[in-house]
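Structural features, examined
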Amino acid sequence: MTTVTADTPTVRPPLGRTQAIGWFVVVVGLVTVFGMGVGTGSAPHSTLTFTPIDVSHGAPWHLGNLTLPTEWTLVLLGALIVALGAEVLVRRLVKGAMVRVGLMAIVFLVAVLVWASRQPGPSPVPFINVTAILVGSAAITMILIYGSLSGILCERAGVVNIAIEGQFLGGYLVGEMIDSATNNWLLATLGGLVIGGLMGWLLAFLAIRYLSDQIIVGVVIVTMFTGLASYFNSWVLTPYPNLNNGNIASNLAIPGLMKIPIIGPTFFNETGYFYLMMALVGLVSFALFKTRWGLRVRAVGEQPQAAASVGISVERIRYVNVILGGAVAGIGGVAFAAIQGQFTPSITSGFGYIALAAMIFGRWRPSGAVAACTLFGVSAYLAYNLQSYQVPISTEILLMFPYLITIAVSAGLVGRVRPPAADGIPYSRE
Amino acid sequence: MTPSLRRLWDHYRSASPVTIALLALVLGLVVGAVIIVATTPAILDAWRGAVHSWTGPGHALKVTFDNVGAAYRSIFTGSIVDPPQFWHSVTTGQNWTASLTPLSETFTYATPLVIASIAVGITFQTGLFNIGANGQAILGGVAGVAVATLVHLPMALHLPLTLLAGIAGGVVGGAIPGLLKAYTGAHEVIVTLMFNYVASYFMLFCLLSTPLQLPNQTNAISRTMPGGTQLAPLFGTASGLRVNYGIVVALAVTVFALWLLNRSSIGFEFRVTGANPHAARASGINARRTLVTSFLISGGLAGLAGVTWVAGTTHYIDQNFLQGSAGIGFTAITVSLLGRNRPIGIVWGSLLFAALEVGGSNMQANTGIPYDLATVIQSAIVIFVATPVLVKEIFRLRALRAESVKVATAGWGL
């Protein structure tokens, strides 16, 4: 809370850190140019293709392959990274520095992909399927956005919801079971909404009524539901495998729009959860910033005493928002099940926490969260995808990447973001 | 009732921390029972039969109590003592191994748990969250196994060096969130949560690389630690009891923590910072140094917990080391809260939770009910302990003398 109280000095990031970030980006760019680019020689080429993997609803208009000279492409991508770093250094960017680091991460991973897929080269996959990468990234991004929206709803009202991971898990389990039993994703979604809402209620009940520490209660709720999910997995799903049949939701293609190359398969040939997510982003943005309800929520999150003094019920707003947040994360869990299939106890693998970090990176705004989730989603998918190109980095190290970038981003953020002033502070009327 | 008895009764009806903890245990077991009832086919069938055939709830109730009773009886006999077996040993003097195995297992499991929980408790006392104790314990285990299997030394040096390596591994894991928070302000909750995953993948990476991997294996499994680097069983290998000299390490850590938190000036700075960071800063305590030191000590102890577990019981690690329900670093968070972040309380809390875990495995062996139920019961207990007002209301206790577990936090504190 260093930013709002007068008695503590405001933590301003020293300019040195911005410079350090800038130089770091420049060095990564130089590594791209000289480490991967120069020296691959003029013979290798990298090929981009654009045909989506899923053409069950009809293929988009055909785009030919694009063959690029590997060396020059890498030099160009490296130069782009250097330019990003130089921009941070020259313009002394404080607020935008971490955004540049995020862009750097994506460009760098693309460069690694270009380098790894070069032919003649060691890669068994001779091309980069741009459309497939975007479709895969969109799936991860969607899950993260559900989590971030949940976090925004709770934290804008002043309650830290660290239990998103648990709500994902609960939604996943319940959604998978209901869909397996009824073959109806709509019922599954309702189930996820209810279980997520209940978990949100539990957090709200303990945090608002009993003024418990929200982070502690959140962590314990996650522990509890992790145990409960394992319990269900061995006690119910193993003897009744038809409750965990791993069906995934079919895509709802939007006619016409889905024919657009690249964009069509990514945005207009998705499951219903993707469109629901886009609608929720718009709805939450509008409700938070353009309606009376949103103003009240934000007042409760910033200055609960002041809000209470004009007759707003702080407890009620917080209850409603935490339950709503839980429900959104619960739906996110069902969406996870709808694209991933069978439930296993550790299936959510920390995505709820990454979503939380993305929410912070996105400054507690839906639009910012979408950008941050896209960054995490794309980089996570690229890192996972590199495995199939047999790059000389072991799989385990590649799998660390999403977590490492989350750590790196939260390390670069201080002083550049400000949480709602009453975030995480229990409110009591006395 | 005589006045003195009434006073005693009133004393227990008022919500002292011990009363709250015991009642929380009762409530936790009730939650567990509800879950068993709601998910066990035999019980559900009995109730469905009772509803359909209008026979009254007698039979269904009996089935319910039989099943829940069998589950909780297995937890008790598997973790503390099996009375018939024990009586058999007392009267005939035979089979002491079988009689003492439950307690031995509980103490075996409690050993690393005490250490890890104290690690978490120290950061809680400083007002910091170390949710990465599991990752730090993993690094400690990996470092310990590496030194034990790759270095050749006389035993007198090798075992201490193995334990030290474990501490060093954990210190590295603690330094990352500590330094990042001190010098960049990154919130330790996010960093430690992410770090757990990084540590798990790092362990897999190590287990699959030549130096550490068991030769001629493709699975993620390490070489076995040589005998000289293992923590020997307390009553000798012949006894068949797994309880080992790790207990000595755990006791030493407890004494160290008592000294650190109550007697040393660093510990005083920890507690002042935890109670009121503004006052701490005003009185000249170096906030940054306190934060980093707290995380280094906590990480080191978590690493020690990891290496103690390997050196004392399994003697090798595989890809399941401290994963999922076996993640003592996560259990440690709940134990620390149960023990109100104080060393002695943590020791009792570890014994209780270790008994639940060990008993849970016995329950799974006897009744098939998965041992993960133990995790659920533990979490429920901690939720109740963290909200004493709720327990007080449920049991209509008198004046509350227990405060809720306080950790000085202000949201993200960015």
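Anything mentioned here points back to the structure above.
Everything numeric in this text was worked out from a predicted model, so none of it was measured. Residue numbers here run from 1 along each chain, matching the order of that chain's written sequence. Each chain gets a letter, beginning with A, and each ligand a number, beginning with 1, in the order they are written. Given that this is a predicted model, residues contribute local features only at a pLDDT of at least 70 and side-chain atom pairs are listed and counted only at 80 or more, while totals for whole chains, interfaces and linings are drawn from all residues.

Looking at the overall build of chain A
Under the DSSP-based scheme used, a helix requires at least four consecutive residues in state H or I and a strand at least two consecutive residues in state E, with every element numbered from the N terminus. Regarding its fold elements, chain A presents 15 helices and five strands. Projected onto its principal axes, the C-alpha coordinates of chain A cover approximately 75 × 60 × 40 Å. The proportion of buried residues among the 430 residues of chain A is 54%. By definition, residue pairs are in contact when their C-beta atoms, positioned from the backbone, come within 7 Å. For chain A, restricting intrachain contacts to residue pairs at least 6 apart in sequence, the fraction spanning at least 24 positions comes to 79%. Three exposure classes are used. Buried residues have 20 or more other C-beta atoms within 10 Å of their own C-beta, exposed residues have 12 or fewer, and partly exposed residues fall in between, all C-beta atoms being placed from the backbone.

Regarding the interface of chain A and chain B
Often the size quoted for an interface is simply the accessible area lost on bringing the parts together. Taken together, the contact between chain A and chain B spans 50 residues of the former and 49 residues of the latter. Looking at the side of chain A that touches chain B, the elements that each hand over two or more residues are helix H7 (214–237), helix H13 (351–361) and helix H15 (395–411) of chain A. Here the side of chain A that touches chain B takes 14 residues from H7(A), the largest share from any one element. Under the grouping applied here, Gly and all other residues not named as nonpolar or charged are polar, the nonpolar ones being Ala, Val, Leu, Ile, Met, Phe, Trp, Tyr, Cys and Pro and the charged ones Asp, Glu, Lys and Arg. Tallied by class, residues from the side of chain A that touches chain B come to 32 nonpolar, 14 polar and four charged.

Comments concerning helix H4 (residues 130–156) of chain A
All names here are of chain A. A helix is expected to reach a length of 1.5 Å times the quantity of its residues less one. With 27 residues, H4 extends 37 Å between its outermost C-alpha atoms, agreeing within 8% with the 39 Å of an ideal straight helix rising 1.5 Å per residue. Of all 27 residues in H4, 25 are buried; the element is thus mostly enclosed. Where H4 terminates, the next one or two residues include Gly 158, which has phi positive at roughly 95°.

Quick word on the sheet that holds strand E3 (residues 128–129) of chain A
Residue and element names in this part refer to chain A. Taken together, the three strands give an open sheet; going across it, the order is E2-E1-E3, and neighbouring strands pair in mixed fashion. Of all the strands in the sheet, just strand E2 (66–69) and E3 have a single pairing partner and so form its edges. Here two bridges tie strand E1 (residues 45–49) to E3, and the two strands are oriented parallel to one another. Pairing of Leu 48 across the sheet is with Ile 128, part of E3. Packing against the sheet, helix H2 (residues 70–90) makes contact with E1 and E2, and its axis sits at approximately 80° to E2. Between any two strands, pairing holds if DSSP finds at least two bridges. In this analysis, axes come from line fits to C-alpha atoms, helices being fitted only over the stretch in contact, and the angle between any two N-to-C directions falls in the range 0 to 180 degrees.

So, the pairing of E1(A)
Residue and element names in this part refer to chain A. Here E1 shows a clear split, with Ser 46 and Leu 48 buried on one side and none of His 45, Thr 47 and Thr 49 buried on the other. As judged from the four bridges shared by E1 and E2, these two strands associate in the antiparallel manner. In the strand pairing of E2, Thr 47 is matched with Thr 67.

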